[in-house]
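Listed here are the chains, written in short residue letters.
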Amino acid sequence: MAGFGTRFLPATKAMPKELLPIIDKPLIQFAAEEAVAAGIDTLIFVTGRNKRAIEDHFDNNQELEMALRAKGKDEQAIMVKNILPAGVECIFVRQPEQLGLGHAIACAERAVGNDSSAVLLADDFLTYEGAGVTADLARSFKASGKTQLSVMEVNGPEISKYGVVVPNRKLGSVAGHLEKPKAEDAPSNLASIGRYALTPDIFDILRNQPIGVEGEIQLADAINIQAANNAVEAVTLNGRRFDCGSVQGYLDPIMHVAERRKR
Ligand code: G1P
């Protein structure tokens, strides 16, 4: 499942930020491929006004495919056709108001049903080793049945931009989760990044949850309730994260991917 946070990139109405490309592939396509690599076969996109282009991206485009083939551009035609592998279903739900990440996830409740789910914030661009960050989360989820947070170390004042883990004594176990604390109040240097694996009770919690910081329904608050029941674990990111929510944050992964391709 892809839920969208509330960051802003220099995108226009016609071009949602999630469709901005890292060289030749939109951010949302990277996230979709990461989910599929984790064995997920149903992708739920929580979109909103001015984000219809995301739906179009995942639709097939026979006219373009045929036009490319007619010009002998078979490689590009295959790229257009194979946006997602066969058997992967896309569901689009709308978030009528931007009331935060917790609210965006709650919008997907009916589509998810009683299943567990993974949440990928497409504007957190991740490079990784192995099958991917979501695959790592899915593996830990299967082992313990607990909600999983993907985390990385952030030292210094930047920590206040993140949800921060209150660590438990046991390694990997999470005692709580504070959304964007002041740097001096941060309970650890473990910041949660935009990938989560959630147990289905998250929806019961979100449904009854009061508005949190920044006037939004915060996923972090719901996770905090699970953590109080010893039901949350953290998995350390095995890769690099780029926050595409700023101009520099968007340019860095482009350079990084270009370098990797050169090698
Ligand atoms: C969201 C989450 C926050 C997390 C961050 C990671 O915040 O609410 O807990 O640390 O994504 O990128 P946002 O940056 O969307 O405000």
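Asker: It is not clear to me how the overall build of the chain should be interpreted in this structure. Could you clarify?
Answerer: A count of helices and strands for the chain gives 10 helices and 12 strands. Relative to the 2.2 N^0.38 estimate, which gives 18 Å for 263 residues, the radius of gyration of the chain is 18 Å and therefore close to what a compact globule would have. Principal-axis analysis of the C-alpha atoms places the extent of the chain at approximately 60 × 40 × 35 Å. Surface exposure of the chain reaches about 13500 Å², of which carbon and sulfur atoms provide 51%. Computed over 29 positive and 34 negative side-chain charges, the separation of the two mean positions in the chain equals 2 Å.

Asker: When you look at the packing of aromatic side chains in this model, what are you seeing that I'm missing?
Answerer: In this description, a pair of aromatic rings is defined by centroid distance and the angle of the planes. Evaluated as defined, the whole model comprises 4 aromatic pairs. On the basis of an interplanar angle of 35 degrees and a centroid distance of 4.7 Å, the ring pair of Phe 45 and Phe 58 is categorised as tilted. You can see Phe 45 sitting in strand S3 (residues 42-47) and its partner Phe 58 sitting in helix H2 (residues 52-58), a full 13 residues away along the chain. Residue class for Phe 58 comes out buried when judged on its relative accessible area of 11%. Aromatic side chains Phe 125 and Phe 242 sit 6.2 Å apart centroid to centroid with 40 degrees between the ring planes, which places their arrangement in the tilted category. With Phe 125 in strand S6 (residues 124-128) and Phe 242 in strand S12 (residues 239-243), the pair connects residues that are 117 residues apart, well separated along the chain. Aromatic rings pair up to connect Phe 30, Phe 125 and Phe 242 into one cluster. Over the ring of Phe 30 we find Lys 25; its NZ or CZ atom is 4.8 Å from the centre of that ring.

Asker: Looking at this structure, I do not really get the pattern of salt bridges. What am I missing?
Answerer: Where charged atoms from two side chains of opposite charge come close, those side chains can pair. Counted according to the given criterion, the structure contains 15 salt bridges. Of the charged contacts in the structure, one is a salt bridge between Lys 51 and Glu 18, with a shortest N-O distance of 2.9 Å. With Lys 51 in the loop between S3 and H2 and Glu 18 in the segment before strand S1 (21-22), the pair connects residues that are 33 residues apart, well separated along the chain. Of the two residues, Lys 51 and Glu 18, neither departs from the other in class, the shared state being buried. The network of salt bridges with shared partners includes Glu 65, Arg 69 and Asp 74.

Asker: Would you mind going over the side chain of Glu 179 with me for this structure?
Answerer: Here Glu 179 lies in strand S9 (residues 174-179). With relative accessibility at 17%, the residue Glu 179 sits in the buried group. Looking at Glu 179, its side chain comes within polar contact range of the side chain of Lys 180, at 2.8 Å. Leave out the neighbours within four places in its chain, and Glu 179 touches Tyr 162, Gly 163, Val 213, Gln 218 and Ala 220.

The rules we used
Residues numbered from 1 in each chain as written. Predicted model: local features only at pLDDT ≥ 70, side-chain atom pairs only at ≥ 80, totals over all residues. Heavy atoms only, no water. Helix = DSSP H or I, 4+ residues; strand = E, 2+ residues; numbered from the N terminus. Rg over C-alpha atoms; globule rule 2.2 N^0.38 Å. Areas by Shrake-Rupley, 256 points an atom, 1.4 Å probe, with all protein chains shown as cover. Lys, Arg positive; Asp, Glu negative; His and termini not counted. Charge placed at Lys NZ, Arg CZ, Asp CG, Glu CD. Phe/Tyr/Trp six-rings, centres within 6.5 Å; stacked < 30°, edge-to-face > 60°. Buried < 20%, exposed > 50% of the residue type's maximum accessible area, 1.4 Å probe, protein only. Lys NZ or Arg CZ within 6 Å of the ring centre and 35° of its normal. Salt bridge = Lys/Arg side-chain N within 4 Å of Asp/Glu carboxyl O. Polar contact = N/O pair within 3.5 Å; in protein donor to acceptor, adjacent residues only side chain to side chain. Contact = heavy atoms within 4.5 Å.

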